[in-house]
Amino acid sequence: MVVKRSVPERIFDVFNVLLMGILAVIFAYPMLYVLFASFSDPAQLIAHTGILFGPKGFSLDGYRMVLKTPSIWTGYANTIFYVCAGTFVNIILSSMGAYVLSRKGFAYRSVLTKAIVFTMYFSGGLIPFYLTIHNVGLYDTRLALILPVAINTWNLIVMRTSFSQIPESLEEAARIDGANDFVILFRVFMPVAKSTLAVMVLFYAVQHWNSWFNAMIFLQDRDKFPLQLFLREILLSGSMMDVTAGTSDDVSNALTTMIIKYCTIIVSTLPILCVYPFLQKYFAKGVMIGSVKE
């Protein structure tokens with residue numbers, strides 16, 4: 001059945017589309033500017049003023065210099081490890097915690113849920129956090145970037161809400177067949193809630209990919225630095241000695257440094273952007289926000 005829309009409704013639709021289009025351009029332009037600048041000729045880019053609608057000239061020298069820098073590849077390898085290992089630990093522990101909190105037969109789930117939610121708003125602060133990591137022997141280890149962020153409270157609540165929507169009949173049928181809690185969690189609940197798990201994988205993976213602060217305060221060995229920490233050094237500290245070693249004078253070095261900053265941003269951002277479209281389809285039904293009040 002075709003529903004005829006009134007004139008005010010059509011005007012609202014047009015206004016809504018225009019507004020969303022303008023906002024999309026505003027939000028996307030900074031990234032497009034970085035992309036265009038990364039392919040631009042340094043001399044032409046520095047001479048350009050105003051809005052950049054495309055690359056000024058065309059040059060891949062920035063990408064060549066970035067990709068031949070050992071620290072970039074070291075950062076890539078470390079970040080991939082942190083993302084894969086960290087996300088695996090996140091999903092396993094968050095799923096186990098969500099399963100316990102979603103079970104109506106668990107007597108202390110209300111108190112435990114409120115205690116967990118409390119940590120979203122209050123913490124001990126940076127200094128106790130640092131001292132704890134140092135005293136338990138995690139300082140300057142890869143585990144310092146994985147274990148302290150093993151469970152995100154918000155993601156745990158989302159998974160708990162998703163698990164609570166699963167019919168109890170599935171759990172009862174599994175128990176009749178002799179399944180224990182681990183079998184029920186990994187072979188019944190997690191496959192049923194795969195949409196939520198896909199969203200959680202994306203959330204945790206992006207969190208690890210973008211993380212740099214914990215690495216900055218907990219790591220000293222540069223061989224363990226993630227990519228984002230190298231990116232921070234390049235953008236803020238001007239640490240490009242290895243990248244710009246082949247330039248011959250101060251002027252060309254300054255121009256090359258500017259292009260390398262843009263190229264490094266693209267190189268460090270592109271992989272996670274490529275993953276997003278494969279998981280985006282799960283967002284509509286994957287994130288179910290419920291009340292934490294019992």
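Scope of this entry: the structure provided in the associated data block.

A cluster of nonpolar residues, F118, M120, Y121, F122 and W154, forms a patch on the protein surface that exposes about 600 Å² of accessible area. In terms of residue count, helix α5 (residues 109-121) provides more of the nonpolar patch than any other element does, three residues in total. Its location among the elements puts F122 in the loop between α5 and α6 (126-135).

Here we take up the packing of aromatic side chains. Scanning the model with the defined rule gives 16 aromatic pairs in all. Between F81 and Y82, the aromatic rings sit 5.7 Å apart at their centres with planes inclined by 65 degrees, giving edge-to-face as the arrangement. Take F81: its relative accessible area is 38%, and that puts it in the partly exposed class. Judged by relative accessible area, Y82 falls into the buried class, the value being 3%. Consider the rings of Y99 and F189, whose centres lie 5.3 Å apart with planes at 80 degrees: the pair is edge-to-face. Of this pair, Y99 sits in helix α4 (residues 70-102) while F189 sits in helix α9 (residues 181-192), and the two are 90 residues apart along the sequence. Aromatic rings pair up to connect F129, Y130, Y139 and F218 into one cluster.

For the structure shown, the criterion picks out one cavity of 30 Å³ or more. Estimated volume of the largest cavity: approximately 30 Å³. Listing elements by their share of the lining of the largest cavity, those giving two or more residues are α5 and α7 (153-164). Residue classes in the lining of the largest cavity are distributed as five nonpolar, one polar and one charged.

To continue, consider unusual backbone geometry. Backbone geometry places D140, a non-glycine residue, at a positive phi of 60 degrees. Examined against the element boundaries, D140 turns out to sit in the loop between α6 and α7.

A few words on the packing of α7 against helix α10 (residues 194-210). Interaxial distance between α7 and α10 falls to 10 Å at its minimum, and their mutual angle equals 175 degrees. Classified by the interaxial angle, the pair formed by α7 and α10 is roughly antiparallel. Listed contacts from α10 to N155, V158, M159 and S162 of α7 are T196, L197, M200, F203 and Y204. For the contact of α7 with α10, the per-class residue count stands at six nonpolar, three polar and no charged.

About the criteria used
- Residues numbered from 1 in each chain as written.
- Predicted model: local features only at pLDDT ≥ 70, side-chain atom pairs only at ≥ 80, totals over all residues.
- Heavy atoms only, no water.
- Patch = residues over 30% accessible without salt bridge, like charges linked within 9 Å, V, L, I, M, F, W, Y side chains within 5 Å.
- Areas by Shrake-Rupley, 256 points an atom, 1.4 Å probe, with all protein chains shown as cover.
- Salt bridge = Lys/Arg side-chain N within 4 Å of Asp/Glu carboxyl O.
- Helix = DSSP H or I, 4+ residues; strand = E, 2+ residues; numbered from the N terminus.
- Phe/Tyr/Trp six-rings, centres within 6.5 Å; stacked < 30°, edge-to-face > 60°.
- Buried < 20%, exposed > 50% of the residue type's maximum accessible area, 1.4 Å probe, protein only.
- 1 Å grid on protein atoms, 1.4 Å probe; cavity = no way out; pocket = protein on both sides within 12 Å on 5 of 7 lines; lining within 4 Å.
- Points joined across faces, edges and corners; volume = space filled by probe spheres on them.
- Nonpolar A, V, L, I, M, F, W, Y, C, P; charged D, E, K, R; others polar.
- Axes fitted to C-alpha atoms, helices over the stretch in contact; angles between N-to-C directions.
- Parallel < 35°, antiparallel > 145°, perpendicular 65-115°, else oblique.
- Contact = heavy atoms within 4.5 Å.

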